Amino acid sequence: MEKAGIVCCSNGLQKSSQKDLQALELVLKGMGLEPVYSPYLYAQEHVWSGTARQRADALMEFYRDEEIRQIFDVSGGDLANGILPYLDYAQIQKSDKCFWGYSDLTTVLNAIYTKTGRSSVLYQVRNLVYDQGERQQKELQAALCGQEDTLFQFPYEFLQGETMEGIVAGGNIRCFLKLAGTPYFPDLEGKILLLEALGGQEGQMLTYLSQLQQLGAFEKVIGILLGTFTRMESQGQLMYPLLKPFISELLPVARTWMIGHGTDAKAIRVGEVYRLKKQ
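Conventions used here
Residues numbered from 1 in each chain as written. Predicted model: local features only at pLDDT ≥ 70, side-chain atom pairs only at ≥ 80, totals over all residues. Heavy atoms only, no water. Buried < 20%, exposed > 50% of the residue type's maximum accessible area, 1.4 Å probe, protein only. Helix = DSSP H or I, 4+ residues; strand = E, 2+ residues; numbered from the N terminus. Pairing = 2+ DSSP bridges. Expected span 1.5 Å × (residues − 1). Arc of directions from axis to C-beta. Phe/Tyr/Trp six-rings, centres within 6.5 Å; stacked < 30°, edge-to-face > 60°. Lys NZ or Arg CZ within 6 Å of the ring centre and 35° of its normal. Salt bridge = Lys/Arg side-chain N within 4 Å of Asp/Glu carboxyl O. Axes fitted to C-alpha atoms, helices over the stretch in contact; angles between N-to-C directions. Core = buried A, V, L, I, M, F, W, Y, C linked by side-chain atoms within 4.5 Å. Contact = heavy atoms within 4.5 Å. pLDDT = per-residue confidence, 0-100.

**A word on the pairing of strand β7 (residues 163-172)**
Thought 1: The buried fraction of β7 is high, at seven of ten residues.
Thought 2: Inspection of the sheet shows β7 paired to strand β12 (residues 273-277) by five bridges, in the antiparallel sense. Each residue of the ladder has a partner; that of I167, found in β12, is V273.
Thought 3: Pairing between β7 and strand β8 (residues 192-197): five bridges, direction parallel. Bridge pairing links G170 to L194 in β8.

Structure below.
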């Protein structure tokens, strides 16, 4: 049975998450994966499960373990960027393991691509035990076995333009911008910029878009892929009208409702080439 590392690089989990992890363990074992757990999963006295170095060391232990094939981060929150200076990027670069995480793990996904050229997956493995779990389990198992790639096939529509092709960078907009001005921020020249969010309303989104504009992002990328913006959309607000004043009418923009924080979310590889074409 192959082994899968389970880590928590962002905020420590609450004890109430134990039931989810127990269910996840059963599902992974049923898929032929034996979970191996980081010693730093649960929050103790503070929001973190361990120091930044401890969490980074736990992740690197899985990269060094030849029996580990996949590494799934089960966390989210605010703290993942703290581990970045302590990661061994040379070890990650020569490894054939895949790192999976979402939300705040956007920082780690993009840092791995920037420092190593390797891709990682924006996806939350805990979706396997939520309301869309049956489909998620089937699609993840098929992807891991190399049978079919439906987990990575998402519907989309073009809001302007008709095609885009390039390496995907980005993810959660708030967390992605924590990398700005650091050695872990990717070169956006010729990239498809993925943007999505869980929280935040119009004011926060305009702030983030202004920062991306001031970074020159919209002049460098060859397209923008909008995922879900959970809180805004629950209130009837859409991201595209906020984005439109910041970008050229010639810049392709597409939207998908299946990348983000939903339990039905598909996966996307940060650091790999995608080709999107108007249907």
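**What to know about helix α7 (residues 202-214)**
Thought 1: Under the 1.5 Å per step criterion, the end-to-end length of α7 is 18 Å for 13 residues, consistent within 8% with the ideal 18 Å.
Thought 2: Of all the residues in α7, the buried ones are M205, Y208, L209 and L212. Projected down its long axis, α7 carries its buried residues within an arc of 100 degrees, all on one side.

**Description of unusual backbone geometry**
Thought 1: With a phi angle near 60 degrees, S103 is a residue other than glycine that sits in the positive phi range.
Thought 2: Mapped onto the fold, S103 is located in the loop between β4 (98-101) and α4 (106-116).
Thought 3: By relative accessible area, S103 is classed as buried at 9%.

**What about the packing of aromatic side chains?**
Thought 1: Enumeration over the complete set of coordinates arrives at nine aromatic pairs.
Thought 2: Aromatic pair F72 and W100: ring centres 5.4 Å apart, planes at 50 degrees, arrangement tilted. Linking F72 in strand β3 (residues 68-73) with W100 in strand β4, this pair joins segments that are 28 residues apart in sequence. Of the two residues, F72 and W100, both sit in the buried class.
Thought 3: One aromatic cluster is present, built from ring pairs that chain together F72, W100, Y123 and F152.
Thought 4: Over the face of the ring belonging to Y89 we find K115, whose NZ or CZ atom lies 6.0 Å from the ring centre.

**What to know about the pattern of salt bridges**
Between side chains of opposite charge, pairing is possible as soon as their charged atoms come close.
Thought 1: Considering all chains together, one arrives at 14 salt bridges under this definition.
Thought 2: Of the charged contacts in the structure, one is a salt bridge between E165 and R275, with a shortest N-O distance of 2.9 Å. Within this pair, whereas E165 is found in strand β7, its partner R275 is found in strand β12, the two being separated by 110 residues in sequence.
Thought 3: R275 gets classed as exposed once you look at its relative accessible area, which sits at 59%.
Thought 4: Ionic contacts of the salt-bridge type, sharing partners, join the residues E25, K29 and E34 into one network.

**A closer look at the sheet that holds strand β6 (residues 157-160)**
Thought 1: Here six strands make up an open sheet; going across it, the order is β6-β10-β9-β8-β7-β12 and the pairing mixed. Looking along the sheet, the strands with just one partner apiece sit at the ends: β6 and β12. The average angle at which neighbouring strand axes cross in this sheet is 35 degrees, direction not considered.
Thought 2: In the sheet, β8 pairs with strand β9 (residues 223-229) via five bridges, with the strands oriented parallel. The residue bridging L193 from the neighbouring strand is I224, located in β9.

**Thoughts on the nonpolar core**
Thought 1: Formed by 92 residues in total, the largest nonpolar core has its most connected members in F99, I173 and I224.
Thought 2: Look past the residues within four positions of I173 in its chain and what remains in contact with it is L195, E196, A197, M205, Y208, L209, L212, F229 and M239.

**Brief notes about the confidence of the model for the chain**
Thought 1: Per-residue pLDDT for the chain averages 97, and the proportion of residues at 70 or more is 100%.
Thought 2: By mean pLDDT, helix α5 (residues 133-144) is the weakest element of the chain at 96, and β8 is the strongest at 99.

**Some words on the environment of V129**
Thought 1: Inspection of the secondary structure puts V129 in the loop between β5 (120-122) and α5.
Thought 2: Residue V129 is classed as partly exposed on the basis of its relative accessible area of 22%.
Thought 3: For V129 and K266, which are 137 residues apart along the polypeptide, the C-alpha to C-alpha distance reads 15 Å.
Thought 4: V129 has contacts with D20, A23, L24 and V27, leaving out every residue within four places of it along the chain.

**Considering the sheet that holds strand β1 (residues 2-7)**
Thought 1: Taken together, six strands build an open sheet; the order of strands is β2-β1-β3-β4-β5-β11 and the sheet is mixed. On the outer flanks of this sheet lie β2 (33-37) and β11 (268-270), each paired with one strand and no other. Strand-to-strand twist across the sheet, computed as the mean angle between neighbouring axes with direction ignored, equals 30 degrees.
Thought 2: As paired strands, β4 and β5 are joined by two bridges and run parallel to one another. Following the sheet pairing, W100 is matched in β5 by V121.
Thought 3: Strand contacts of helix α1 (residues 18-30): β1 and β2, with the helix running at about 145 degrees to β2, the strand carrying the most contacts.

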